[in-house]
Amino acid sequence: MSSEAETENRKDTEPNGKEKKKRSLISYIAEGLIYVALIVVCVYVVPNYVLQRTVVSGESMEDTLHDGESLLVDKLTYRFSDPKRYDIIVFYPKGKSVDEYFVKRIYGLPGETIQITDNTIYINGKAIEDPYPKDAMSDGGLAEKPYTLKQDEYFVLGDHRSVSLDSRTTSQEDPDGPGPVKFENIAGKVFLRIWPLSKFGIP
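Residues numbered from 1 in each chain as written. Predicted model: local features only at pLDDT ≥ 70, side-chain atom pairs only at ≥ 80, totals over all residues. Heavy atoms only, no water.

J.: Hey, could you run me through the sheet that holds strand β4 (residues 102–108) in this one?
T.: Sheets are built from strands paired through backbone hydrogen bonds, the pairs being either parallel or antiparallel. Read across the open sheet, the seven strands follow the order β1-β2-β11-β3-β4-β9-β10; overall the sheet is antiparallel. Sheet topology places β1 (51–55) and β10 (181–182) at the edges, where each strand pairs with a single neighbour. Judged from the five bridges that link them, strand β2 (residues 70–74) and strand β11 (residues 186–195) form a sheet pairing that is antiparallel. Its bridge partner lying in β11, Asp74 is registered against Lys189. (Pairing = 2+ DSSP bridges. Helix = DSSP H or I, 4+ residues; strand = E, 2+ residues; numbered from the N terminus.)

J.: Would you explain the confidence of the model for the chain in this entry?
T.: Atom-level detail of predicted coordinates should not be read off regions where pLDDT is low. Chain-level statistics for the chain give a pLDDT mean of 85 and a share of 78% at 70 or above. For the stretch residues 1–20, pLDDT sits under 50, and the model shows zero contacts to residues farther than four places along the chain or on other chains. (pLDDT = per-residue confidence, 0-100. Contact = heavy atoms within 4.5 Å.)

J.: Help me out: how do you make sense of the sheet that holds strand β6 (residues 120–123) in this one?
T.: In space, the four strands of this open sheet follow the order β7-β6-β5-β8, with antiparallel pairing throughout. Of all the strands in the sheet, just β7 (126–127) and β8 (147–148) have a single pairing partner and so form its edges. Across two bridges, strand β5 (residues 113–117) lies against β8 in antiparallel orientation. Its bridge partner being in β8, Thr113 is matched across the sheet by Thr148.

J.: What is the right way to look at the nonpolar core in this model?
T.: Generally speaking, nonpolar side chains in soluble globular proteins are found buried as a group. In this structure, Val56, Met61, Leu65, Leu71, Val73, Ile88, Val90, Tyr92, Val103, Ala187 and Val190 together form the largest nonpolar core, which totals eleven residues. For this core, the elements supplying multiple residues, two or more each, are β2, β3 (88–91) and β11. Once residues lying within four places of it in the same chain are set aside, the contact partners of Tyr92 are Gln52, Val98, Glu100, Tyr101, Asn185 and Ala187. (Core = buried A, V, L, I, M, F, W, Y, C linked by side-chain atoms within 4.5 Å. Buried < 20%, exposed > 50% of the residue type's maximum accessible area, 1.4 Å probe, protein only.)

J.: Looking at this model, I keep getting lost on the environment of Pro146. Mind explaining?
T.: When you line up the elements, Pro146 lands in the loop between β7 and β8. Classification of Pro146 by relative accessible area gives exposed; the value is 54%. Residues Pro146 and Gly125 lie 21 residues apart in sequence; the distance between their C-alpha atoms is 8.7 Å. Once residues within four sequence positions are removed from consideration, Pro146 is found in contact with Thr113, Ile114 and Gln115.

J.: It is not clear to me how the pattern of salt bridges should be interpreted in this structure. Could you clarify?
T.: A side chain with one charge may pair with a side chain of the opposite charge, provided their charged atoms come close. Here the structure, examined in full by the defined rule, presents twelve salt bridges. For Glu62, the salt bridge goes to Lys134, with nearest N and O atoms at 3.0 Å. Of this pair, Glu62 sits in the loop between β1 and β2 while Lys134 sits in the loop between β7 and β8, and the two are 72 residues apart along the sequence. With relative accessibility at 39%, the residue Lys134 sits in the partly exposed group. With its nearest N and O atoms 2.8 Å apart, the salt bridge here joins Asp166 to Arg168. With respect to class, Asp166 is no different from Arg168; both count as buried. (Salt bridge = Lys/Arg side-chain N within 4 Å of Asp/Glu carboxyl O.)

J.: What am I meant to see in a nonpolar patch on the surface here?
T.: Residues Trp195, Leu197 and Phe200 make up a contiguous nonpolar surface patch of roughly 380 Å² in combined accessible area. Relative to the assigned elements, Phe200 resides in the segment after β11. (Patch = residues over 30% accessible without salt bridge, like charges linked within 9 Å, V, L, I, M, F, W, Y side chains within 5 Å. Areas by Shrake-Rupley, 256 points an atom, 1.4 Å probe, with all protein chains shown as cover.)

J.: Sorry, what's going on with the pairing of strand β9 (residues 153–157) here?
T.: Every other side chain in a regular strand lies on the same face of the sheet, so the side chains alternate between the two faces. Summarising burial for β9: five of the five residues are buried, a large majority. Burial along β9 is two-sided: the face carrying Glu153, Phe155 and Leu157 and the face carrying Tyr154 and Val156 are both buried. In this structure, β4 lies alongside β9, joined through three bridges in antiparallel fashion. Pairing of Arg105 across the sheet is with Leu157, part of β9. Bridge count between β9 and β10: two bridges; the pairing is antiparallel. When the bridges of β10 are listed, Glu153 appears paired with Lys182.

J.: Could you clarify how one ought to interpret a negative patch on the surface in this entry?
T.: A cluster of acidic residues, Asp118, Asp139, Glu144 and Glu173, forms a negative patch at the surface. Here Glu144 lies in the loop between β7 and β8. Overall, the relative accessible area of 37% leaves Glu144 in the partly exposed class. (Lys, Arg positive; Asp, Glu negative; His and termini not counted. Charge placed at Lys NZ, Arg CZ, Asp CG, Glu CD.)

Encoded structure:
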């Protein structure tokens, strides 16, 4: 009787053992797929649609941002709300197909008329606050006379006005002059400085 009972037990346990092996294989495959999905999200989805690391190059945003500082750019906000005055943005002056970007601050919004006279910025004929510049503007460039922005255009300035190449300069005057920035060329909003650690925080 004991040998027969042992044989029956083996018959009962063998199928269960195989079933456990099948479940283990499936779990390994599922775990592998999860890792692949996470890698795709981290390598492709996040930098293209959520967050992008950007390094400041040059002096045009001093004293707010400095050469070599690392920033995180929020690429989601402008999918749900419009850029606002004084936002610091990253944009592609020659379009997103060209891997060259600028970091500037928004002053003029779509449809507004901007004019810069005697270092004062006027929006729709009224002077606005300008608490960010490191130095004065020698001229208003494109906005020396009233300039009305199109419905997809933003007027941007660097905080270090005397060295900044921004919306005051068009490509007709300088090959690298961005002129007014089209919304489609805005990569996102600068929201966090991550390097150097001593200056970590919202710029």
